[in-house]
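Structural characterization, general
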Amino acid sequence: MLLENKVAIVTGGSRGIGHAIAVACAREGADVVINYWGDNDASYGRRSAIDEVVREIEAHGRRAIAVEGNVALPQTGIDLVSHAVEAFGKVDVLASNAGICPFHAFLDMPPSVLERTVGVNLNGAFYVTQAVARQMKEQGTGGAIVATSSISALVGGGMQTHYTPTKAGVHSLMQSCAIALGPFGIRCNSVMPGTIATDLNAEDLADEDKRAYFERRIPLGRLGAPEDVADCVVFLASDRARYVTGAALLVDGGLFVNLQ
Ligand SMILES: NC(=O)C1=CN([C@@H]2O[C@H](COP(=O)(O)OP(=O)(O)OC[C@H]3O[C@@H](n4cnc5c(N)ncnc54)[C@H](O)[C@@H]3O)[C@@H](O)[C@H]2O)C=CC1
Ligand SMILES: C[C@H](O)[C@@H]1OC(=O)[C@H](O)[C@@H]1O
């Protein structure tokens with residue numbers, strides 16, 4: 001197992017990519033603190049989304065606690081670390097994954113949409129990374145931080161002018177943190193998913209023509225699944241990637257390189 005007896009914090013872990021990361025960490029032997037924001041109603045079948053993630057982790061024989069909190073607030077990262085240490089004694093891995101993408105045109109974008117997107121995606125990644133890194137430094141045993149950036153760090157989107165800069169920022173944050181935290185044995189990397197079928201883009205991809213267009217552009221011939229990303233996060237978080245820091249791993253089925 002790649003993360004045997006490690007403790008992982010996963011932000012945005014109630015749905016989509018974060019859900020898959022949390023379960024993959026447990027499958028590889030980690031106990032998990034799952035952060036989420038606003039997904040605790042019972043609209044997910046008979047269980048709330050977060051109850052389902054906890055159940056899946058426990059089915060792998062690992063422990064899980066769910067902690068609701070808005071990552072845009074500096075206190076949330078501090079609280080996540082406190083909960084992890086209280087419940088499991090330490091933090092070894094952070095998957096900084098929480099993010100939003102409210103599609104919106106550029107020319108009439110209200111400042112509130114920009115500020116919320118930057119607040120959750122970029123400031124949130126900064127605050128949680130900082131809180132976890134302080135704990136890892138104190139523990140003195142290193143650690144691994146993997147942030148969910150995006151192919152959108154490298155290419156634009158006309159309805160994503162507020163979003164793509166946050167994903168470039170998250171990648172840049174991991175590069176700088178790799179330098180700042182390397183001396184403490186803390187590795188910092190990012191994954192750059194392509195188009196992964198989740199709630200984030202369900203409405204966008206409900207347009208059959210748009211979905212078919214994406215599928216045609218992906219050399220591997222399909223949209224990504226959350227588990228495709230989760231397995232790469234686990235790899236970067238594990239000792240198999242012990243000499244990898246400041247790197248970004250595209251997980252996009254070849255979409256980025258497909259010019260024509
Ligand atoms: N779905 C895709 O095609 C891609 C997604 N990404 C990134 O992957 C990450 C996860 O996205 P998905 O799983 O697709 O989204 P999703 O909408 O399925 O799940 C989002 C998760 O983030 C949590 N969340 C939202 N706002 C939060 C906040 N303020 N504080 C704490 N948690 C919050 C939700 O509770 C949920 O667990 C995001 O950072 C997104 O930018 C990157 C590239 C492609
Ligand atoms: C939500 C979008 O479909 C998705 O988000 C990203 O980060 C990818 O680049 C896709 O555009």
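Up top is the structure these notes are about.
This text gives an overview of the structure that appears in the document. Counting of residues starts from 1 at the beginning of each chain's written sequence and follows it residue by residue. Here the convention is simple: chains get letters from A, ligands get numbers from 1, in the order in which they are written. Owing to the predicted nature of the model, reporting of local features is limited to residues with pLDDT of at least 70; listing and counting of side-chain atom pairs is limited to 80 or more, with chain, interface and lining totals taken over all residues. To get the side-chain values, all heavy atoms of the structure are used, and hydrogens and water are removed first.

**Here we look at the environment of histidine 60**
- In this structure, histidine 60 sits in the loop between α2 (49-59) and β3 (64-68).
- Remark: the alpha-carbon pair of histidine 60 and lysine 6, spanning 54 residues in sequence, is separated by 14 Å.
- Any pair of residues with heavy atoms lying within 4.5 Å of one another is described as a contacting pair. Not counting residues up to four positions away in its chain, the partners in contact with histidine 60 are Val23, Ala26 and Arg27. Numbering of helices and strands runs from the N terminus; a helix is a DSSP stretch of H or I covering at least four residues, while a strand is a stretch of E covering at least two.

**Looking at the site of ligand 2**
- In the vicinity of ligand 2, the contacting residues are Cys101, Phe103, Ser150, Ile151, Ser152, Gln160, Tyr163, Gly194, Leu200 and Asn201.
- Here a polar contact means two N or O atoms within 3.5 Å. Within protein one must be a hydrogen donor candidate and the other an acceptor candidate, and residues neighboring in sequence count only if both atoms are side-chain atoms. Between ligand 2 and serine 150, the relevant distance is 2.5 Å, taken from an oxygen atom to a side-chain nitrogen or oxygen of the residue.
- Within the side chain of glutamine 160, one N or O atom sits 3.2 Å away from an oxygen atom of ligand 2.
- Note that accessible areas follow from Shrake-Rupley with a 1.4 Å probe, and for residues the cover is restricted to the protein chains shown. Its free accessible area being 290 Å², ligand 2 has 89% of it covered by the protein chains.
- Across the shell around ligand 2, the residue classes break down as five nonpolar, five polar and no charged. Residue proximity to a molecule or strand is established when one non-hydrogen atom of the residue lies within 4 Å of it. Put simply, Ala, Val, Leu, Ile, Met, Phe, Trp, Tyr, Cys and Pro go in the nonpolar bin, Asp, Glu, Lys and Arg in the charged bin, and everything else, Gly too, in the polar bin.

**Some thoughts on the nonpolar core**
- Counting residues in each nonpolar core, the largest one holds 34 residues, and the members touching the most others are Ile21, Cys25, Val32, Ile34 and Ile57.
- Contributing elements (two or more residues each) for this core: β1 (7-10), α1 (16-27), β2 (31-36), α2, β4 (93-96), β5 (143-148) and α8 (226-237).
- The biggest single contributor to this core is α1, with eight residues.
- Not counting residues within four places of it along the chain, the set of residues in contact with isoleucine 21 comprises Val10, Ala95, Asn97, Thr148, Ala230 and Val233.
- The next biggest cluster of nonpolar side chains, apart from the first, holds 29 residues, and it includes Val71, Val81, Val120 and Val170. To qualify as a nonpolar core, a set must consist of buried Ala, Val, Leu, Ile, Met, Phe, Trp, Tyr and Cys residues joined through side-chain atoms within 4.5 Å. Each residue gets one of three labels from its accessible area relative to the maximum for its type: buried under 20%, exposed over 50%, partly exposed in between, using a 1.4 Å probe on protein chains only.

**Quick look at the sheet that holds β2**
- Each pair of strands is called paired provided DSSP finds at least two bridges between the two strands. Across the sheet, which stays open at both edges, the seven strands sit in the order β3-β2-β1-β4-β5-β6-β7 with parallel pairing between neighbours. Bordering the open sheet on either side are β3 and β7 (248-251), each of which pairs with just one other strand. Pairwise comparison of adjacent strand axes, ignoring direction, gives a mean angle of 15° for this sheet.
- Of the pairings in the sheet, the one linking strand β6 (residues 186-193) to β7 comprises four bridges and is parallel in character. Across the sheet, the residue bridging to serine 190 is alanine 248, located in β7.
- Only the stretch in contact is used when fitting a helix axis, every axis being a line fitted to C-alpha atoms; angles between N-to-C directions are given from 0 to 180 degrees. Here α2 sits on the sheet in contact with β2 and β3, set at roughly 170° to β2.

**Observations regarding unusual backbone geometry**
- A positive phi angle is found at asparagine 5, which is not glycine, with a value near 60°.
- Mapping asparagine 5 onto the fold places it in the segment before β1.

**Describing the packing of aromatic side chains**
- Any two rings among Phe, Tyr and Trp, with Trp reduced to its six-membered ring, count as a pair given centres within 6.5 Å; such a pair is stacked if its planes are under 30 degrees apart, edge-to-face if over 60, and tilted if neither. Enumeration according to the criterion identifies two aromatic pairs in this entry.
- Measuring from ring centre to ring centre gives 6.1 Å for phenylalanine 126 and tyrosine 127, while their planes differ by 90°; the resulting arrangement is edge-to-face.
- Among the residues examined, tyrosine 127 registers a relative accessible area of 26% and is labelled partly exposed.

**Digging into the packing of α1 against α2**
- Running from N to C, α1 and α2 point in directions that differ by 20°, and their axes come no closer than 8 Å. Comparing their axes, α2 and α1 come out roughly parallel. Seen along the crossing, α1 lies across α2 with a hand that is right-handed. Where α1 approaches α2, its residues His19, Ala22, Val23 and Ala26 are matched on the opposing element by Val53, Glu56 and Ile57.
- Residues of the contact of α1 with α2, tallied by class, amount to five nonpolar, one polar and one charged. Orientation categories follow fixed angle ranges, with anything under 35 degrees roughly parallel, anything over 145 roughly antiparallel, 65 to 115 roughly perpendicular, and all other angles oblique. Note on convention: the crossing is left-handed when the near helix lies turned anticlockwise from the far helix by less than a right angle, right-handed when the turn is clockwise.

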